[in-house]
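Residues per chain are reported as follows:
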2 protein chains.
Amino acid sequence: MHLFDNLDSGNGYKVRLLLAQLGISYKWTNLDLDKGETRKPDFLKRNPNGRIPTLELDDGTNLAESNAILWYLAEGTQFVPNDRVCRAQVLQWMFFEQYSHEPYVATPRFIVKHLDATHPRVAELPERLAKGRAALAVMNGHLAKHRFFVADQYTIADIALYAYTHVADEGGHDLSPYPHINTWLRLVASQPRHVTLPATPKAA
Amino acid sequence: MHLFDNLDSGNGYKVRLLLAQLGISYKWTNLDLDKGETRKPDFLKRNPNGRIPTLELDDGTNLAESNAILWYLAEGTQFVPNDRVCRAQVLQWMFFEQYSHEPYVATPRFIVKHLDATHPRVAELPERLAKGRAALAVMNGHLAKHRFFVADQYTIADIALYAYTHVADEGGHDLSPYPHINTWLRLVASQPRHVTLPATPKAA
C-alpha cells in the first residue's frame, strides 16, 4: 500500500497509527499542503476532492477519507468490534469526529500553525473554539462512564478521536477542564505499538 | 425502533428513506429544532450531542449520526456491498457527505429556510455555496463515469448524498451545471419503495 499524507496532519496520523498497530508496512509520500500539492492534477486523479490522507491499495484503488481508510484496514481485526450495535457506535463516534469535532479542534490548529497572525481566517477562531469545547464536553461526559468510546475496548473510534484531541492545545484549546479526556489520552498512548504524531514547527 | 427526527431534516430523511425501502415499521417523533427541542435535558440523555436523527433500538440503545444509523440498518442487506473495498468506498462517500457536502449544501438550506433574512448567519452563504459547488463538481465528475456512487448499485452512499443534493436549490444552489447529478437524482428517485422528503414551508 502507498499512503499519500502530510506529516503534520492528524487525519494522516490516524492511518499511520493504525498501520503501525496492525504491523503493516507501506510506502509513504509527504505532500506539502501549504504549497497546494493536494490540488495539483496528478493528485486530483487519485482523490478528486484534493485531500490527504489517500491510501493507494495494492489493486490500484485510491481510498480517501481518513475514517473510511481506518474502517478498511480494521475490519476483521481487534480494532472493530464484531457486535452489530457496537460497529454502528464506532461509526457514530467517527461521524461525530468529522462533523462536530474536526472543524472545531483540528481547523483551529491549522489556522494557528499554518496561517499568519494577520490572516482573515484568524477571526474564525473564537466561534470554532466554542464549538470545539462543546464537542470536548460531549467526549468528557461519555468518558466519565466508559474507559474507551465503544465496547470497553480500544477501537478505531478512539484512534479517530485521539488524533486531533491530543494536540488540541496547539489550536488554542485548554484540556484541563476535561479530566476524563486526559485519563483516556494516557490510556490510548499506552496501547501496544503506539506511535506519536511528530512535533512540527509552526509554519513561517 | 423509535426514530427521533425532524420532518424537514435531510439527515432524518436519509433514515426514513432506508427504513421505507427495507420495509421496516417504526415509531416516529418529530422534534422542533427552531424551539430547541434537541437541546432539552430529556433529549440530551438520548444524544448528548443534541442532534437528530437519533434512533432508539429495540434494546434501548440510542444510536446517533445519520450515516451510522444507515450503516446499522443496511449491513447485511443489498444496500451495502459485500466486497471489502466497496464497503470502504461507501463509507468514503458518506464521510465526504458529512465533511465536504453537508455544511455547504444542507447548512445554506437551513439558513435560507429557518433564519430571518437579517440574521448574521446569512453572511455565511457566499462562502458556503462556493464550497458546495466544489463538492457538487466532485460528485458530477464521479457520476460522469458511474451510474451510482459505488459498485454500480444503489447503496446507502447514494441515499446519504441524495438527501440534501435533491433539495440543494432550496439553499440557493443551481444544479443545472451538473448533468450527471441530475441523471443520478432521477435514477435514485426511481428506485423501488422510494419515498419523498415532504415539502415544508419556509419558517416564519
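Residues numbered from 1 in each chain as written. Chains lettered and ligands numbered in written order. Predicted model: local features only at pLDDT ≥ 70, side-chain atom pairs only at ≥ 80, totals over all residues.

### A closer look at the interface of chain B and chain A
Taken residue by residue, the interface counts 25 residues in chain B and 25 residues in chain A. Within the residue set of the side of chain B that touches chain A, elements represented by two or more residues are β4 (62–64), α3 (66–74), α4 (84–114) and α5 (125–143) of chain B. Residue composition of the side of chain B that touches chain A, by class: 14 nonpolar, 8 polar and 3 charged. (Contact = placed C-beta atoms within 7 Å. Helix = DSSP H or I, 4+ residues; strand = E, 2+ residues; numbered from the N terminus. Nonpolar A, V, L, I, M, F, W, Y, C, P; charged D, E, K, R; others polar.)

### Let's talk about the packing of α5 of chain B against helix α7 (residues 179–189) of chain B
All names here are of chain B. Between α5 and α7, the least distance of the axes is 7 Å, while the angle of their chain directions is 75°. Classified by the angle between their axes, α5 and α7 sit roughly perpendicular to one another. Residue-level inspection shows Leu136, Met139, Asn140 and Leu143 of α5 in contact with α7, the latter providing His180, Ile181 and Trp184. (Axes fitted to C-alpha atoms, helices over the stretch in contact; angles between N-to-C directions. Parallel < 35°, antiparallel > 145°, perpendicular 65-115°, else oblique.)

### Regarding α4 of chain B
Residues three or four positions apart in an α-helix share a direction because the helix packs 3.6 residues into each turn. Approximately 65° is the largest bend angle found in α4 of chain B, and it occurs at Glu102 of chain B, with the proline Pro103 of chain B only one to four residues beyond. With 22 of 31 residues buried, α4 of chain B is to be regarded as a mostly interior element. (Bend = angle between axes of the 7 residues up to and from the residue. Buried ≥ 20, exposed ≤ 12 C-beta atoms within 10 Å, placed from the backbone.)

### With respect to the domain arrangement of chain A
All names here are of chain A. Parsing chain A into structural domains produces domain 1 (2–74) and domain 2 (84–189). The C-alpha centroid of domain 2 is placed 20 Å from the C-alpha centroid of domain 1. Facing the 11 residues of domain 1 at the interface are 11 residues of domain 2. Counting residues per element, the ones that place at least two in the side of domain 1 that touches domain 2 are α1 (10–22) and α3 (66–74). (Domains from an automatic or database assignment.)

### Overview of the sheet that holds strand β2 (residues 27–30) of chain A
Residues and elements named next belong to chain A. With mixed pairing, 4 strands are arranged side by side in an open sheet as β2-β1-β3-β4. In the strand order of this sheet, the two ends are held by β2 and β4 (62–64), each with one partner. Strand-to-strand, the axes of this sheet are offset by a mean angle of 20°, without reference to chain direction. Bridge count between strand β1 (residues 2–5) and β2: 4 bridges; the pairing is parallel. Residue pairing across strands places His2 opposite Lys27, the latter belonging to β2. (Pairing = 2+ DSSP bridges.)

### Remarks on the relation of the copies chain B and chain A
Note on the copies: chain B fits chain A at an RMSD of 0.0 Å, the axial shift is 0.0 Å, and the rotation between them is 180°. Taken together, the turn and the small shift mark the pair as related by a two-fold rotation axis. Minimal C-alpha distance to the rotation axis in chain B is attained by Tyr99 of chain B, lying at 3.0 Å. Of the residues that chain B buries at the interface, 100% are likewise interface residues in chain A, meaning the two copies contact each other through the same surface. (Least-squares fit on C-alpha atoms with pLDDT ≥ 70 in both.)

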